[in-house]
Amino acid sequence: MGSPRRFSLPGQIPLMAAWLWISLLLLQGSAGVRSDSNYLIGLGSYDITGPAADVNMMGYANTGQVTAGVHFRLRARAFIVAEPQGKRVVFVNLDACMASQLVTIKVLERLKVRYGDLYTESNVAISGIHTHAGPGGFLQYVVYIVTSLGFVRQSFDVIVDGIEKSIIEAHENLRPGSIFVNEGELLDAGVNRSPSGYLNNPAAERSKYKYDVDKEMTLLKFVDSEWGPVGSFNWFATHGTSMSRTNSLISGDNKGAAARFTEDWFNKNGVEMSYLDDLEDSGVPRRVSNIVPEVHNNHHELLELAASFQSPPGKPATKTLSVARRVRSALRQTEKPGFIAAFCQTNCGDVSPNVLGAFCIDTGLPCDFNHSTCGGKNELCYGRGPGYPDEFESTRIIGERQFEKALDLFNKASEQLQGKVDFRHVYLDFSQLEVTIPKQGGGSEVVKTCPASMGFAFAAGTTDGPGAFDFKQGDDQGNPFWKLVRNLLKNPNQTQVDCQHPKPILLDTGEMKQPYDWAPSILPIQMFRIGQLVILSVPGEFTTMAGRRLREAVRQVLTSGGKGQFGGKVHVVIAGLTNTYSQYVTTFEEYQIQRYEGASTLYGPHTLSAYIQEFKKLASAMLSGQPVQPGPLPPDLLDRQISLLTPVVMDATPAGVNFGDVKSDVPKNSTFKRGGMVSVVFWSACPRNDLMTEGTFALVEVLQGKDTWVPAYDDDDFCLRFKWSRPSKLSTRSMATIEWRIPESATPGVYRMRHFGASRD
């Protein structure tokens, strides 16, 4: 196997469109927000885009869904908040399906080497946005890496590297600053995908809430004492399933899109009216469509100019070139960092972004209410996003709705966080945790959680991504055939069957240990305090009502026993899918219905009660200033991982063709309008040879003057798609298709498209 050889190639495109005068919305209302800094704040961000070829995507468990290009890039975004002479916390938001115990372990090991005991498992939280369009293979338990053919070291390494670098950047950016918090309702970005389960909760409890999903977004606004606003993090519940189970392009889905839209908006337009004058001379990166001085009005001149350029053959290029040519390249940033925006996940367990509802693909009629089936078949029932049938449009719309709400909350944020920074963390063995719960008729009783298992309805999937065969949601019986299949793997004993009742066990994962653990038993729970904000880090997906119960239980402890520590309102948010992953958490009542979420509640019907009990302990310990025992450590299974993914052996092109040569160019003398699509095909090589971290596989450049090409759009832009393909699975030849959907903001002029990659021979 030879070393990778890099290449690049331009193809020429003229773009013609009527010049539009666009009036930009500028933030107003928060310009007067000024305060003395009371914390040290630092933010950081780094690319975590994994292998864009051949790797199964994490989320839908669909073996046919493997990566084959990039919709837009994935990032780790971090904030650090510290008291000047006191404690500090780190929160990292990943454009990944979830956190991974193994990733967390290895990140903490690196931080230990670099910073000593400054950052530990107690004050570092790593949370996933739950996109279902990222490469898998980065978790350590068998059940989560079966479809990815085991462990994928490349997926794992880029995430660990990116988290570490985002924290390093945030640490190095620590400066005096302030934090503001705001909350508001976003009504049209999520619906309940398991309403029959929700309706099994007590009517009196449901009557307290207007909606069957949480509509509230909680946002933090970070303001540097010198630079002004530098970032925002928010929490809102909706699944990362706008992109479907057949999509093959790496994507941050709706939350990743919202982050990209927000960061581009702020870095282009500035942040507040009071800072606009400073921005004129600050050198803050702007989109090229706003800085190109020429205004072309002559169609024929543009055509002649475009025709004067020819597409040269592919040629070697350094990795630095790909990084340097990125639109948002760190190599071109000024002293002031770019704005960082993170759209974090919370209790999204039963919340779908497919807000039009679930319909049968054969009849167009609504799916069965209780089982989400069509004529008894779950495979035919799919949720529809607002851009149906275009999943990219649905992703954009749900992303924009979150972006617009975040912009509004950011603009109006006036409540400043004041008070301590604190944290608590404990590991718990959820396979046998004793839980004290109220007893019917009065008093209390002690029950236990169970070793992990998944029910039959797990295999039915959801309306966001239905399963296969004859499984269906709401199945509390199972069927004899699949029980026989199950027993070949592990036949659960009667104690486990009774403990998990009424869940019929399909996979007894907690008691399956070959070739190593199939599911986790030891889980971390964690609690951060930043002034009057409390973040509850949970290692799973809480349903709407489960999240409400947990937040309310912790809030009651903090307000009833706080002795005035929290003053007035306490903001309690749940950070879902954090530090490790253990699937779902439903209420006891929802568990009885055994829809997908209940069947995926691993540790039995009392799982939520266990979480509430243990978080109340953390809250009490935080109020009293007492430490907590660390608990049993989770295993590090890195050395036991198995990978069956075939490596890249070699790349090839037809005789006389270079890597990077244009296979299919745009027609000569072509003109394109805003809203149109331009497509170019290059001879390429496997993207696994080089992930182009902080670089780009695809680039659109605009001609400035007579011979200067300026980066305009890259593979981190929503409008540019990099698609990779090969003629057959075993072929050494491959192609890269770059599709540019010309945005309305594009400037008239001459453009060219370039492809970066690396070949192995």
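Small disclaimer: the values here were computed from a predicted structure and weren't measured.

About the cut-offs
- Residues numbered from 1 in each chain as written.
- Predicted model: local features only at pLDDT ≥ 70, side-chain atom pairs only at ≥ 80, totals over all residues.
- Heavy atoms only, no water.
- Helix = DSSP H or I, 4+ residues; strand = E, 2+ residues; numbered from the N terminus.
- Contact = heavy atoms within 4.5 Å.
- Areas by Shrake-Rupley, 256 points an atom, 1.4 Å probe, with all protein chains shown as cover.
- Expected span 1.5 Å × (residues − 1).
- Buried < 20%, exposed > 50% of the residue type's maximum accessible area, 1.4 Å probe, protein only.
- Pairing = 2+ DSSP bridges.
- Axes fitted to C-alpha atoms, helices over the stretch in contact; angles between N-to-C directions.
- Polar contact = N/O pair within 3.5 Å; in protein donor to acceptor, adjacent residues only side chain to side chain.
- Phe/Tyr/Trp six-rings, centres within 6.5 Å; stacked < 30°, edge-to-face > 60°.
- Lys NZ or Arg CZ within 6 Å of the ring centre and 35° of its normal.
- 1 Å grid on protein atoms, 1.4 Å probe; cavity = no way out; pocket = protein on both sides within 12 Å on 5 of 7 lines; lining within 4 Å.
- Points joined across faces, edges and corners; volume = space filled by probe spheres on them.
- Nonpolar A, V, L, I, M, F, W, Y, C, P; charged D, E, K, R; others polar.
- Disulfide = S-S within 2.5 Å.
- Parallel < 35°, antiparallel > 145°, perpendicular 65-115°, else oblique.
- Left-handed = near helix turned anticlockwise from the far one by under 90°.
- pLDDT = per-residue confidence, 0-100.

Caption draft 1: The arrangement of the overall build of the chain in detail. Across its full length, the chain holds 15 helices and 36 strands. For the chain, contacts bridging at least 24 residues in sequence account for 80% of all contacts bridging at least 6. Split by element, the accessible area of the chain, about 28500 Å² in all, is 52% carbon and sulfur.

Caption draft 2: Seen up close, helix H2 (residues 153-172). Between its first and last C-alpha, H2 extends 28 Å over 20 residues, near the 28 Å set by a 1.5 Å rise per residue. All buried positions along H2 are accounted for by Ser155, Phe156, Val158, Ile159, Val160, Gly162, Ile163, Glu164, Ser166, Ile167, Ile168 and Ala170.

Caption draft 3: Inspection of the sheet that holds strand E25 (residues 533-537) at higher detail. The 4 strands lie next to each other as E19-E24-E25-E27, forming an open sheet whose pairing is mixed. This sheet does not close on itself; its edge strands, each paired only once, are strand E19 (421-429) and strand E27 (571-575). If you compare each strand with its neighbour and ignore which way they point, the axes differ by 15° on average. The pairing of E19 with strand E24 (residues 522-530) spans 9 bridges and is antiparallel. Across the sheet, residue aspartate 429 finds its bridge partner in E24, namely isoleucine 522. On top of the sheet, helix H12 (residues 544-560) reaches E24, E25 and E27; it is set at about 140° to E27, its chief contact. Against the sheet, helix H15 (residues 607-624) contacts E19, E24 and E25, and its axis sits at roughly 40° relative to E24.

Caption draft 4: Just the sheet that holds strand E4 (residues 53-58), in detail. Taking strand neighbours across the sheet as the criterion, the 7 strands line up as E9-E4-E5-E33-E34-E30-E29 in an open arrangement whose pairing is antiparallel. The open sheet has two edge strands, strand E9 (134-135) and strand E29 (662-664), and neither has a second partner. Relative to strand E5 (residues 66-70), E4 is paired through 2 bridges, and the arrangement is antiparallel. The residue bridging asparagine 56 from the neighbouring strand is valine 66, located in E5.

Caption draft 5: Spotlight on the side chain of threonine 653. The topology assignment puts threonine 653 in the loop between H15 and E29. Of the residues examined, threonine 653 reaches a relative accessible area of 19% and is grouped as buried. Within the local environment of threonine 653, its side chain forms a polar contact with the backbone oxygen of valine 657, the two atoms lying 2.6 Å apart.

Caption draft 6: Seen up close, the environment of phenylalanine 456. On the secondary structure map, phenylalanine 456 appears in the loop between strand E22 (454-455) and helix H10 (480-489). Relative accessible area serves as the criterion here: at 0%, phenylalanine 456 is assigned to the buried category. For phenylalanine 456, the residues in contact, after removing those within four places along its chain, are Phe471, Asp475, Gly478, Asn479, Trp482, Lys483, Pro504, Ile505 and Leu506.

Caption draft 7: Looking closely at the packing of aromatic side chains. What the rule picks out here adds up to 27 aromatic pairs. The interplanar angle of 65° and the centroid separation of 5.3 Å between the aromatic rings of tyrosine 144 and tyrosine 581 together place this pair among those described as edge-to-face. Taken together, the residues span a long stretch of sequence, with tyrosine 144 in the loop between E9 and H2 and tyrosine 581 in the loop between E27 and strand E28 (584-585) at a distance of 437 residues. Aromatic rings pair up to connect Phe79, Phe91, Phe222, Phe233 and Trp235 into one cluster. For the cation-ring pair, arginine 548 lies above tyrosine 209, with the distance from its terminal atom to the ring centre recorded as 4.0 Å. Lying across the ring of phenylalanine 392, arginine 721 places its NZ or CZ 3.6 Å from the centre.

Caption draft 8: Highlighting the layout of surface pockets. Computed from the structure, the second largest pocket encloses a volume of approximately 1100 Å³. What lines the second largest pocket is a set of 44 residues, and nearest its centre among them are Tyr60, Ala61, Thr147, Phe458 and Ala459. Of all elements in the fold, only E4, H10 and strand E23 (505-507) reach the threshold of two or more residues within the lining of the second largest pocket. With 4 residues, H10 is the single largest residue contributor to the lining of the second largest pocket. Here the residues of the lining of the second largest pocket sort into 25 nonpolar, 14 polar and 5 charged.

Caption draft 9: Representation of the pairing of strand E3 (residues 39-47) in the model. Counting buried residues along E3, 7 of its 9 residues qualify, which places the element largely inside the surrounding structure. Relative to strand E10 (residues 175-185), E3 is paired through 3 bridges, and the arrangement is antiparallel. Bridge assignment links isoleucine 41 to a residue of E10, and that residue is arginine 175. Relative to strand E6 (residues 75-82), E3 is paired through 8 bridges, and the arrangement is antiparallel. For aspartate 47, the partnering residue across the bridge sits in E6 and is arginine 75.

Caption draft 10: Expanded view of the pairing of strand E14 (residues 340-344). Counting buried residues along E14, 5 of its 5 residues qualify, which places the element largely inside the surrounding structure. With burial as the criterion, each face of E14 is covered, one bearing Ile340, Ala342 and Cys344 and the other bearing Ala341 and Phe343. Two strands pair when backbone bridges link them, and strand E13 (residues 228-235) and E14 are joined in this way by 5 bridges, in the parallel orientation. Bridge pairing links asparagine 234 to phenylalanine 343 in E14.

Caption draft 11: The arrangement of the state of the cysteines in detail. The final tally for this structure, using the stated rule, is 3 disulfides. The disulfide bridge from cysteine 367 ends at cysteine 381, spanning 2.2 Å between sulfur atoms. Note on the cysteine 367 and cysteine 381 pair: the S-S dihedral is about 110°, so by sign convention the disulfide is right-handed. Of this pair, cysteine 367 sits in the loop between strand E16 (357-360) and strand E17 (381-384) while cysteine 381 sits in strand E17; the two residues are 14 residues apart in sequence, bridging distant segments of the chain. Exposure class is identical for cysteine 367 and cysteine 381. Each is buried. Sequence-ordered numbering of the disulfide-bonded cysteines in the chain gives the connectivity 1-3, 2-4, 5-6. Of the cysteine sulfurs around cysteine 97, a residue in no disulfide, the closest is that of cysteine 348, at 9.3 Å.

Caption draft 12: Highlighting the packing of helix H1 (residues 101-115) against H2. Close contact between H1 and H2 brings their axes to 10 Å; oriented N to C, the two are set at 40°. Considering their axes alone, H1 and H2 lie oblique with respect to each other. When the axes of H1 and H2 are compared, the crossing they make is right-handed. Facing H1, whose interface residues are Leu102, Val103, Lys106, Val107, Arg110, Leu111, Arg114 and Tyr115, H2 presents Phe156, Ile159, Val160, Asp161, Ile163, Glu164, Ile167, Ile168 and His171. For the contact of H1 with H2, a count of residues per class yields 11 nonpolar, 1 polar and 5 charged.

Caption draft 13: Main features of the confidence of the model for the chain. Residues at a pLDDT of 70 or more form 89% of the chain, whose mean pLDDT is 90. Confidence over residues 1-9 falls short of pLDDT 50; this stretch has 55 contacts with residues more than four positions distant or in other chains. Per-residue pLDDT stays below 50 along residues 272-296; that stretch engages in 58 contacts with residues further than four places along the chain or on separate chains.

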